[in-house]
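Below, each chain spelled out in residue letters.
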Amino acid sequence: MRNPQYLNAEDEGTLEGMETAVDLALLDTKTEVCVLRGGLVTHAKHAGKRLFGAGINLTHLYQGKIRFLWYLIRDLGLVSKFYRGLALPDVSPEESSIEKLWIAAVEGFAIGGHCQILLVMDQVIATEDAYMTLPARKEGIIPGAANLRLARHVGDRIARQAILAERRIDCASPEGRLICDYIVAPEAMDAELERLVKHVTGSGMVSAAGNRRALRIAEEPLDAFRRYMSVYAREQAHCHFSPALIANLEKFWVTAKPGIRALS
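So, here's what we can say about the structure. No experiment lies behind these values; they were computed from the predicted model shown.

About the thresholds
Residues numbered from 1 in each chain as written. Predicted model: local features only at pLDDT ≥ 70, side-chain atom pairs only at ≥ 80, totals over all residues. Heavy atoms only, no water. Pairing = 2+ DSSP bridges. Helix = DSSP H or I, 4+ residues; strand = E, 2+ residues; numbered from the N terminus. Buried < 20%, exposed > 50% of the residue type's maximum accessible area, 1.4 Å probe, protein only. Contact = heavy atoms within 4.5 Å. Salt bridge = Lys/Arg side-chain N within 4 Å of Asp/Glu carboxyl O.

## Considerations on the sheet that holds strand E5 (residues 109-111)
Phase 1 of the analysis: As summarised here, the arrangement of the three strands in space is E5-E7-E8, forming an open sheet in which the pairing is mixed. Of all the strands in the sheet, the pair left with one neighbour each is E5 and strand E8 (169-170).
Phase 2 of the analysis: Alignment of E5 against strand E7 (residues 131-133), held across three bridges, turns out to be parallel. Residue Ile 111 lies in a different strand from E7, and its bridge partner there is Thr 133.

In structure tokens:
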């Protein structure tokens, strides 16, 4: 994931390219497992570091450069492809789809939408200094499908604290380990990625798609996801077009951190 000027934040300029990359990764017949990692950033505060991502680009959100449909295209497209793979013609994805295991490598932080992405990954490696937050309430929006998925990872109370009160979850904490499978020193990320890829592919991947599909049917049936997204579309529209969105951004972001371009 690359948007170096904005701490790898997501916006209209990143969505299409990222979804295309996911399509190519899933369709490549020589690929057995996919790795999602943040690229090096150029922002002065973190220049030269890899960061998993800062969520939605608050600069563009404040400037009106992110349309309402962006939220729906992202979660029904990009994020859904991480979780459900690519649909086949005339077949429900609960029966068959093109999918592979996804490994996320979290360095620095996974804020907002990037934290949401971790909830659909199969394996998560995080550095011991990395953290996760969901500050959407403070910005005046709904954090994608986190309201649907976070509680089944960390439990209802912690999910409510994270979504309604911006609780920070350190990846190396007991709560963080409910989302992150492996915690490593920052300098050990490359070696751990190589080890994990070899481990998950060592005995073949013939059952991977079937096991993913079986887990999904138990934890998030497609109809449950559709019902959630119908509510999300309505409520996110109220938030996105509300004057409170700009008021919140000016209160918590523009005036508080004028030198930071993307924090969600």
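## Describing the pairing of strand E1 (residues 33-37)
Phase 1 of the analysis: With four of five residues buried, E1 is to be regarded as a mostly interior element.
Phase 2 of the analysis: Where E1 meets strand E4 (residues 101-106), five bridges bridge the pair, whose relative direction is parallel. By the bridge assignment for E4, Val 35 is matched with Ile 103.

## Brief notes about the environment of Ile 103
Phase 1 of the analysis: Positionally, Ile 103 belongs in strand E4.
Phase 2 of the analysis: Distance from Ile 103 to Tyr 6, taken between C-alpha atoms, is 23 Å for residues 97 residues apart in sequence.
Phase 3 of the analysis: Those residues within four positions of Ile 103 in sequence are excluded, and the remaining contacts are Val 33, Cys 34, Val 35, Leu 36, Met 121, Gln 123, Ile 125, Leu 193, Leu 196, Val 197 and Val 200.

## Notes on unusual backbone geometry
Phase 1 of the analysis: Even without a glycine there, the phi angle at Asp 90 is positive, about 60°.
Phase 2 of the analysis: Within the secondary structure, Asp 90 is located in the loop between strand E2 (86-87) and strand E3 (97-98).
Phase 3 of the analysis: With a phi angle near 55°, Glu 166 is a residue other than glycine that sits in the positive phi range.

## With respect to the pattern of salt bridges
Phase 1 of the analysis: This model, assessed by the stated rule, comprises 24 salt bridges.
Phase 2 of the analysis: Two residues, Arg 67 and Glu 12, come together in a salt bridge whose shortest N-O distance is 2.9 Å. Taken together, the residues span a long stretch of sequence, with Arg 67 in the loop between helix H2 (58-62) and helix H3 (69-84) and Glu 12 in helix H1 (residues 12-27) at a distance of 55 residues.
Phase 3 of the analysis: Among the ionic pairs, Glu 166 bridges to Arg 137, the shortest N-O distance being 2.6 Å. Of the two residues, Glu 166 is situated in the loop between helix H8 (156-165) and E8 and Arg 137 in helix H5 (residues 136-139); the sequence distance between them amounts to 29 residues.
Phase 4 of the analysis: The exposure class of Arg 137 is partly exposed, given its relative accessible area of 38%.
Phase 5 of the analysis: Connected via shared salt-bridge partners are Arg 84, Arg 149, Arg 152, Glu 219 and Glu 220.

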